[in-house]
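# Examination of the molecular architecture
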Amino acid sequence: MRYEKTKEILNQLVADLSQFSVVIHQTHWYMRGPEFLTLHPLMDEFMDEINDQLDVISERLITLDGAPYSTLQEFADHTGIKDEVGTYDRTIPERMEKLVEGYRYLSDLYKEGIEIASDEDDASTEDIFTGFNTDVEKKIWMIQAKLGFAPNIDPAHEKVK
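My aim in this report is to walk through the structure given alongside it, one point at a time. If you're wondering where the values come from, they're calculated on a predicted model, not measured in any experiment. (Residues numbered from 1 in each chain as written. Predicted model: local features only at pLDDT ≥ 70, side-chain atom pairs only at ≥ 80, totals over all residues. Heavy atoms only, no water.)

### Considerations on the side chain of Gln144
Take Gln144: it is sitting in helix H5 (residues 123-146). Within the structure, the side chain of Gln144 is placed 3.1 Å from the backbone oxygen of Ala150, a separation counted as a polar contact. If sequence neighbours within four positions are ignored, Gln144 has contacts with Val100, Arg104, Phe149, Ala150, Pro151 and Asn152. (Helix = DSSP H or I, 4+ residues; strand = E, 2+ residues; numbered from the N terminus. Polar contact = N/O pair within 3.5 Å; in protein donor to acceptor, adjacent residues only side chain to side chain. Contact = heavy atoms within 4.5 Å.)

Next up, the structure:
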């Protein structure tokens, strides 16, 4: 069968994008502090972008005759993004750092997907991964800038585990 590894990474992204949307939603619900009025609605935009990526990734998987994960249990069983109970004890900078961690994870996965799709001669999926990775890297830059740091988007960047 064609595109087997591409379909696997697409489904991995289905689980991870679903989980990351929940992480962003948790940030949206549990943030407190002087930046709340600015950052709270921004989290809606972040969730919308991740959910849009999820839809495109899922539909591409279906186009390739794959079957996207579609239950909470499947997402939980297959995601590489850790779950944690919501709490009001985290500061806004700590919450932003958690988002950067998730975006870095997605970037690493998109980069892996670019290689896999290229190896399987699937230029369309490779293009999707490239565009989404560009979007994710921009989010890393913006959040890092908000935290007072450089983006640190470098090929030598150590993968987030």
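### Focus: a nonpolar patch on the surface
A contiguous nonpolar surface patch, about 270 Å² in accessible area, is contributed by Trp141, Met142 and Ile153. Looking at the secondary structure, you find Ile153 in the segment after H5. (Patch = residues over 30% accessible without salt bridge, like charges linked within 9 Å, V, L, I, M, F, W, Y side chains within 5 Å. Areas by Shrake-Rupley, 256 points an atom, 1.4 Å probe, with all protein chains shown as cover. Salt bridge = Lys/Arg side-chain N within 4 Å of Asp/Glu carboxyl O.)

### Section: the pattern of salt bridges
Scanning the entire structure with this criterion turns up 8 salt bridges. The shortest N-O distance in the salt bridge between Lys7 and Glu4 comes to 3.2 Å. Here Glu4 and Lys7 lie together in helix H1 (residues 4-30), a separation of 3 residues that amounts to about one turn. Notably, a salt bridge pairs Lys139 with Glu49, separated by 2.9 Å at the nearest N-O pair. Within this pair, whereas Lys139 is found in helix H5, its partner Glu49 is found in helix H2 (residues 36-63), the two being separated by 90 residues in sequence. Exposure class is identical for Lys139 and Glu49. Each is buried. Here the residues in one salt-bridge network are Glu84, Arg90, Lys98 and Glu101, joined through shared partners. (Buried < 20%, exposed > 50% of the residue type's maximum accessible area, 1.4 Å probe, protein only.)

### Examining the packing of aromatic side chains
Taken as a whole and judged by the stated rule, the model has 5 aromatic pairs. When the centroid spacing of 6.1 Å and the interplanar angle of 85° are considered together, the rings of Phe46 and Tyr103 count as edge-to-face. Here Phe46 is found in helix H2, whereas its partner Tyr103 is found in helix H4 (residues 92-119), with 57 residues between them in sequence. On the accessibility criterion, Phe46 (5% relative accessible area) is buried. Between Tyr110 and Phe129 the ring centres are 5.9 Å apart and the planes differ by 45°, which places this aromatic pair in the tilted class. One end of the pair, Tyr110, is in helix H4; the other, Phe129, is in helix H5, with 19 residues separating them in the sequence. Each member of the pair, Tyr110 as well as Phe129, is classed as buried. Site record: aromatic cluster; members linked through ring pairs are Phe20, Phe46 and Tyr103. When the ring centre of Tyr88 is taken as reference, the NZ or CZ atom of Arg32 above it lies at 3.6 Å. (Phe/Tyr/Trp six-rings, centres within 6.5 Å; stacked < 30°, edge-to-face > 60°. Lys NZ or Arg CZ within 6 Å of the ring centre and 35° of its normal.)

### Some points on the packing of H2 against H4
Two numbers describe how H2 lies on H4: the axes approach to 13 Å, and their chain directions differ by 15°. With respect to their mutual orientation, H2 and H4 come out roughly parallel. As H2 runs across H4, the sense of the crossing is left-handed. Contacts from Phe36, Leu39, Met43, Phe46, Ile50, Gln53 and Ile57 in H2 reach Ile92, Met96, Leu99, Tyr103, Leu106 and Tyr110 in H4. (Axes fitted to C-alpha atoms, helices over the stretch in contact; angles between N-to-C directions. Parallel < 35°, antiparallel > 145°, perpendicular 65-115°, else oblique. Left-handed = near helix turned anticlockwise from the far one by under 90°.)

### Focus: the environment of Asp119
Mapped onto the elements, Asp119 comes out in helix H4. With 114 residues separating them in the primary sequence, Asp119 and Lys5 have C-alpha atoms 9.4 Å apart.

### Topic: a negative patch on the surface
A cluster of like negative charges, contributed by Asp44, Glu45, Asp48, Asp52, Asp55 and Glu59, occupies part of the molecular surface. Looking at where Glu45 falls in the secondary structure, it is placed in helix H2. (Lys, Arg positive; Asp, Glu negative; His and termini not counted. Charge placed at Lys NZ, Arg CZ, Asp CG, Glu CD.)

### Focus: the environment of Val22
Residue position: Val22 is located in helix H1. Considering only alpha carbons, one finds Val22 and Met47, 25 residues apart in sequence, at a separation of 8.4 Å.

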